[in-house]
Amino acid sequence: MKTSNIFKILVLAGGLCCFNSCSEFLEREPDQILTDDQVFGDPVMIQSVLANFYGRVTWGQHIGDWYQYTILDEAGKSDGGPDNIQNYGNALWRVYDYTLIRNINQFLQSLRATTVITDTEKQVYEGEVRFLRAWTYFNMARGLGGMPIVGDEVFDYQGGMDITTLQYPRSTEAGIYDYIIEECDAVSAMLNEEKTINSARANKWTALMLKARAAIYAGSLANYNNKMSSPIRTAGGEVGISAERAEGYYQQALAAAQEVINNSPYQLQLNKPDDLERNFYEATSVKDNNTEVIWARDYRYPGQTVGFTTQNIPGSHAEDIDRAAAGPILNLVEDFEYVNNRDGSIQIRDNQGNYIFYDDPADAFANKDARLGGSVITPNAVFKGTPVELQAGQKVWSNGAWQTIAGQPGERDGQGRLITSSNGPNRSNEQYINKTGFFFRKFLDEAAGASTRGRNSEMWFPRFRFAEALLIAAEAAMELGQQPVAVGYINQVRERAGIQPLTSVTLDDIIQERRVEFAFEDHRYWDLKRWRRAHIVWNGVVNSPTAQHWALFPYLVVAPGTPNDGKYVFDRLTFSNSLHPRFFELRNYYNFIDLAWQNANPKIVLNPFQ
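Nothing here was measured: the structure is a model prediction, and the numbers come from that model.

So, empty space enclosed by the protein
Then, number 1: As enumerated under the stated definition, the model contains four cavities of 30 Å³ or more in all.
Then, number 2: When its volume is computed, the largest cavity comes out at roughly 100 Å³.
Then, number 3: Trp59, Trp135, Phe461, Arg463 and Asp522 are the residues nearest the centre of the largest cavity, which is lined by 14 residues in total.
Then, number 4: For the lining of the largest cavity, the leading source of residues is strand S12 (residues 461–465), giving three residues.

What to know about the confidence of the model for the protein chain
Then, number 1: Taken over all residues, the pLDDT of the protein chain has a mean of 93, while the share at 70 or more is 94%.
Then, number 2: In this model, residues 1–18 is a region of pLDDT below 50 whose contacts with residues beyond four sequence positions or in other chains number 64 contacts.
Then, number 3: Long-range and interchain partners of residues 20–31, a stretch whose pLDDT sits below 50, account for 21 contacts in this model, where long-range means more than four residues apart.

Topic: the packing of helix H5 (residues 173–188) against helix H6 (residues 204–224)
Then, number 1: Packing of H5 against H6 brings their axes to within 8 Å, and their N-to-C directions diverge by 160°. On the basis of the axis angle, H5 is roughly antiparallel to H6. Crossing hand, H5 versus H6: left-handed. Side by side, H5 and H6 meet where Glu173, Tyr177, Ile180, Ile181, Cys184, Asp185, Val187 and Ser188 of the first sit next to Lys204, Ala207, Leu208, Leu210, Lys211, Ala214, Ala215, Tyr217, Ala218 and Leu221 of the second.
Then, number 2: Looking at the contact of H5 with H6 residue by residue, the classes come out as 13 nonpolar, one polar and four charged.

What about helix H13 (residues 483–497)?
Then, number 1: In a regular helix each residue adds 1.5 Å, so 15 residues correspond to 21 Å; H13 covers 21 Å between its end C-alpha atoms and thus fits that length.
Then, number 2: Along its length, H13 shows its largest kink, about 25°, at Asn491.
Then, number 3: All buried positions along H13 are accounted for by Ala486, Val487, Tyr489, Ile490, Asn491, Val493, Arg494, Arg496 and Ala497.
Then, number 4: Residues of H13 that are buried sit in contact with helix H7 (246–263), helix H8 (276–285), helix H11 (370–375), S12, helix H12 (466–479) and helix H14 (507–517).
Then, number 5: Among the residues trailing H13, Gly498 stands out with phi positive, at a value near 80°.

What counts and what doesn't
- Residues numbered from 1 in each chain as written.
- Predicted model: local features only at pLDDT ≥ 70, side-chain atom pairs only at ≥ 80, totals over all residues.
- Heavy atoms only, no water.
- 1 Å grid on protein atoms, 1.4 Å probe; cavity = no way out; pocket = protein on both sides within 12 Å on 5 of 7 lines; lining within 4 Å.
- Points joined across faces, edges and corners; volume = space filled by probe spheres on them.
- Helix = DSSP H or I, 4+ residues; strand = E, 2+ residues; numbered from the N terminus.
- pLDDT = per-residue confidence, 0-100.
- Contact = heavy atoms within 4.5 Å.
- Axes fitted to C-alpha atoms, helices over the stretch in contact; angles between N-to-C directions.
- Parallel < 35°, antiparallel > 145°, perpendicular 65-115°, else oblique.
- Left-handed = near helix turned anticlockwise from the far one by under 90°.
- Nonpolar A, V, L, I, M, F, W, Y, C, P; charged D, E, K, R; others polar.
- Expected span 1.5 Å × (residues − 1).
- Bend = angle between axes of the 7 residues up to and from the residue.
- Buried < 20%, exposed > 50% of the residue type's maximum accessible area, 1.4 Å probe, protein only.

What follows is the structure, encoded as structure tokens:
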């Protein structure tokens, strides 16, 4: 076995929580240079390096960085200062991690040669690490298109070598998705079928979910890119998949999703049929007895915790100084349907323009899709046993008109009535006060101490759920003209949410369903890109219903002597006095190639619009 010093363990704590026998390894010096013989002569060390790889594959939106949720149309920032986001950067969520791929390939070489673990163990480890490599390529592909595929090669430059032999050209966009799908087929046969602890490690079903997702992405790109008036492509196919490939990809997506649906140990979680809001929260955000999450980024105390709850908990429930860094926006809230009305718009005024009065602000959200209550804290919704009060101020009836009164957080009037809640919302630059009218519910940890800086949270971040298998199957079947199949799958998800079944399925139905099912789970951006809808939704138009961020402010009605005194009304406002509607340009469909990459490898052609 080679003895080159190829493993410098820098972040060994990352990802180690998903393995059970790493306590001794955690005591090693983290910057130690280790030879192949040292690593692959010790079964615990092999596990630890694999765990390190798991800790390095976190990209896109995730709960380790709350700010990323404010970039799209899911949430707005409340941590002080204006919301100045409008355009999307050319490198947003760009992944180009050939260092990781090289490390994985080095690992594979030595893994295959080691004799300290059984052939069965080697097969599983190889399946896991090849899955992580396929996941890395997938994250590159969805941002950049086709990129160089190096297979199992490990490139070692030596003086005098012809460097051009180390320079691979970009694959086609179809080619990189084909590679991912083929790798998932291969590793699904190598991996175990059983669930893993907290879904932290890959198994057969994780590989099939990646296959299904990669195939549905490729099918969408082949389909919808070619329906644009000017399809986005490069001459060599590094960007752009031919339309005739769409059907084959949809068939692959449907088959992979159906295998998960029909044969895996996972199912759509329905542990609390009498409380569908709570049921959905637990299906996404509670690890114990979870039947739905197939793969997640797990966290465990001590050493592996995440600050999402600390940063975003309502102030009324905070355990430390941090709170209310961001909150969901009205755009998302209104996309959740009512039980018997697919229009989820909150009723604020009647046809004559008069306020609609509510006895309780929570009444405006009654009979909504249960996923709303499992994803978003609405005014007066209960969190950890007590209501979350959200009140922006008072609406005082004076001289035949409504006067808006706002106060400092927690301030009351002379009669003892609350003016503005300690939670807000308000439109100031004040830190720690909500600015949208809503708080996160999904991924907000209920455990004691989870919102303190000293501890933070053990909340996981799901990457694949059983619901996604159902919605991929529904989408693929719809695209293949199999309406009864599509209807059956999408209605399973809708039934769990407590809303009316569909009798047919369109792309708009799929867009809507994925929007509300997977809020805050890193799907929205990539979905709108693959359907070529991003530039339509985020059109940069001031006061656009989809591009502009909107907030909803509740007010206590002060109108003594009238039947509406003590009731509540709402104002729909642009978020935080901001006139920065999200503007997604055609150039944003693909990240720009860094010119340093091209300087190092002239075979890498640039992406469109560069």
